Amino acid sequence: MGLVYPLPTLQEVKVAKEINLEDCLGKTVLVIGGGGREHAIVDALSRSPKVSKIYCAPGNAGIGEQAFNVPLKDTDVEGLKAFALENSVDLTVVGPEAALAAGIVDAFRAAGLKIFGHTKAATAIESSKEFAKELMFKYGIPTAEYRSFSDYEEALEYVSGRPFPAVLKYDGLAAGKGVVIASDLEEARKALADMLLDHSFGQGRVVVEDFLTGPEFSFLCFVDGERVYPMPLSQDHKRAFDGDKGPNTGGMGAYTGLPFITPEDKEFAFKEIMCKAASAMVAEGVPLSGVLYGGLMKTPSGIKVIEFNARFGDPETEVVLPLLESDIFDIFDAVASGVPADEPRWADGVTLGVVLASKGYPGKYEKGVVIEGLDGVQGRVYHMGTAFRDGTLVTAGGRVLMVVSGGSDLADARAKVYEEVRKIRCGNLFYRNDIAHCAFD
Ligand code: AMP
Ligand code: GLY
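Residues numbered from 1 in each chain as written. Chains lettered and ligands numbered in written order. Predicted model: local features only at pLDDT ≥ 70, side-chain atom pairs only at ≥ 80, totals over all residues. Heavy atoms only, no water.

1. Here's the deal with the overall build of the protein chain
Move 1: A tally of helices and strands in the protein chain yields 13 helices and 25 strands.
Move 2: Taking 2.2 N^0.38 as the reference for a compact globule, 441 residues should give roughly 22 Å; the C-alpha atoms of the protein chain span a radius of gyration of 21 Å, in line with that estimate.
Move 3: With the C-alpha coordinates aligned to their principal axes, the bounding extent of the protein chain is approximately 65 × 50 × 45 Å.
Move 4: Put simply, the protein chain has 441 residues, and 56% of those count as buried.
Move 5: In the protein chain, once contacts between residues fewer than 6 apart in sequence are set aside, the share between residues at least 24 apart is 69%.
Move 6: Roughly 17600 Å² of accessible area belongs to the protein chain as shown, and the carbon and sulfur atoms make up 52% of that amount.
Move 7: Counting 45 positive and 62 negative side-chain charges, the protein chain places the averaged centre of each group 1 Å from the other. (Helix = DSSP H or I, 4+ residues; strand = E, 2+ residues; numbered from the N terminus. Rg over C-alpha atoms; globule rule 2.2 N^0.38 Å. Buried < 20%, exposed > 50% of the residue type's maximum accessible area, 1.4 Å probe, protein only. Contact = heavy atoms within 4.5 Å. Areas by Shrake-Rupley, 256 points an atom, 1.4 Å probe, with all protein chains shown as cover. Lys, Arg positive; Asp, Glu negative; His and termini not counted. Charge placed at Lys NZ, Arg CZ, Asp CG, Glu CD.)

2. Comments concerning the site of ligand 2
Move 1: Around ligand 2, a shell composed of Asp236, Tyr293, Asn309, Arg311, Gly313, Asp314, Pro315 and Glu316 is seen.
Move 2: Residue Arg311 places a side-chain N or O atom 2.8 Å away from an oxygen atom belonging to ligand 2.
Move 3: At 3.0 Å, a backbone N or O of Asp314 approaches an oxygen atom of ligand 2.
Move 4: In the complex, 86% of the free accessible area of ligand 2, which totals 200 Å², lies under the protein chains.
Move 5: Taken together, the residues of the shell around ligand 2 sort by class into two nonpolar, two polar and four charged. (Near = heavy atom within 4 Å. Polar contact = N/O pair within 3.5 Å; in protein donor to acceptor, adjacent residues only side chain to side chain. Nonpolar A, V, L, I, M, F, W, Y, C, P; charged D, E, K, R; others polar.)

3. Re the pattern of salt bridges
Side chains bearing opposite charge may pair, as long as their charged atoms lie close to each other.
Move 1: The tally for this structure, following the rule as stated, stands at 24 salt bridges.
Move 2: A salt bridge links Arg47 to Asp43; its shortest N-O distance comes to 3.5 Å.
Move 3: Between Arg311 and Glu126 there is a salt bridge, with its nearest N and O atoms 3.2 Å apart. Of this pair, Arg311 sits in the loop between strand S17 (302–309) and helix H11 (316–320) while Glu126 sits in helix H6 (residues 124–127), placing them 185 residues apart in sequence.
Move 4: Judged by its relative accessible area of 12%, Arg311 falls in the buried class. (Salt bridge = Lys/Arg side-chain N within 4 Å of Asp/Glu carboxyl O.)

4. Here's the deal with a negative patch on the surface
Move 1: On the surface, a cluster of negative charge is made up of Asp151, Glu153, Glu154 and Glu157.
Move 2: Inspection of the secondary structure puts Glu153 in helix H8 (residues 152–160).
Move 3: Given the relative accessible area of 53%, Glu153 is considered exposed. (Patch = residues over 30% accessible without salt bridge, like charges linked within 9 Å, V, L, I, M, F, W, Y side chains within 5 Å.)

5. Things to note about the site of ligand 1
Move 1: The environment of ligand 1 is made up of 13 residues, and the closest members are Glu209, Asp210, Leu212, Glu216 and Glu307.
Move 2: Between ligand 1 and Lys129 there is a distance of 3.3 Å, counted from an oxygen atom to a side-chain nitrogen or oxygen.
Move 3: Within the side chain of Glu209, one N or O atom sits 2.7 Å away from a nitrogen atom of ligand 1.
Move 4: Burial of ligand 1 by the surrounding chains reaches 85%, relative to a free accessible area of 470 Å².
Move 5: If you list the elements that add at least two residues to the shell around ligand 1, you get strand S7 (166–170), strand S8 (179–182), strand S9 (206–210) and S17.
Move 6: Here the residues of the shell around ligand 1 are counted per class, giving six nonpolar, no polar and seven charged.

6. Regarding unusual backbone geometry
Move 1: With an omega of 25°, the peptide bond running from Asp314 to Pro315 counts as cis.
Move 2: Of the consecutive residues Tyr361 and Pro362, the connecting peptide bond is found in the cis state with omega at 10°.
Move 3: Secondary-structure assignment places Pro362 in the loop between strand S18 (350–358) and strand S19 (371–372).
Move 4: The backbone of His199 sits at a positive phi, close to 50°, despite the residue not being glycine.

If you want it as structure tokens, here you go:
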């Protein structure tokens, strides 16, 4: 079964859903979240013959075409638990880290509900930079040298003695804004004052680490204790504009089939980083049971960890999951039940996805602008921030849509995806024209 060439259209998936839904006694799944990542998860679940009903909380306009949207916030743990109990949900899958950090997995398990995601304690691998760095040093997982501080003067003294640029990371969830790359002492002083004197993000500590260089990539694995199932590698594009210019965003595009990673690199990253981290978490008494996301860098002195996340990446998930040939329900179910899963099968070929964002994003932007032309788009269209207004599809977020195409190689996938992107008509969207430029430069 080749899912990638060509990817079925959303319309085809919808028709399949209409045939399957409710007329078989399949499983009911609740997906938590409402962005492109959750749309890709819902899309993968909708390909499972074992799943007959999908809820998504809160979902979005596109997700609502493939699942039943539930108007509950992703951090409303009590509300979501009550919903899952009342609606006989067989399995819940958690997208965002905020829900994990709010303890949704602990609360669901205590209520006897099956859920795919890490406990609050295990989520520390993402939510606490200091926990993650200590873990890596204790278990010999390669990462940058660091020290952690709560005192402004001590932090400043340490930074003064290290080479610049220096990397300053607020130790806690900071919605992707807690990292400052300071090019000189003055910039470091300002950032440290912001984090440790003014407490702009809260009362957390600051991790100061050495600056590494090299291409970054994302390694997502399903993890259940010591069992680690790798997914295809992908690369995000964090800057807003072509040529990696402009402000940092949540991600403007992604692709699989990284030209700069050899099979030996992947083997090293799998064994020496992802598997070691999974074993380390077991040894620490906080086993993982969900997705471990390694934000890795191929430096001149080998592959090193920039950060770990305790969840699927966004927009990486949108390019990775379309390649999955196995039934994703089986993987989620096995991991959530703590039993071995069959090794997931992945299609050959590559995927490439382009994000269409509201003009002005990641700064201020307008919402409610009409979007047209989606019906003619081949491949997959994942909704990131959309809504229906009086039956019309409109923009409702910074990142709005992601179009993903498959191909035999990146040139093929890139040509296809931009052809599809140009079919979408909206007065207020922009996108990068150079996704996967690394492969063409
Ligand atoms: P993080 O939130 O830790 O992923 O950091 C956000 C971004 O900052 C990363 O994706 C990197 O581009 C950059 N960054 C973080 N740590 C380092 C480092 N030690 N050296 C170079 N760049 C880094
Ligand atoms: N793509 C970056 C993230 O999901 O954190």
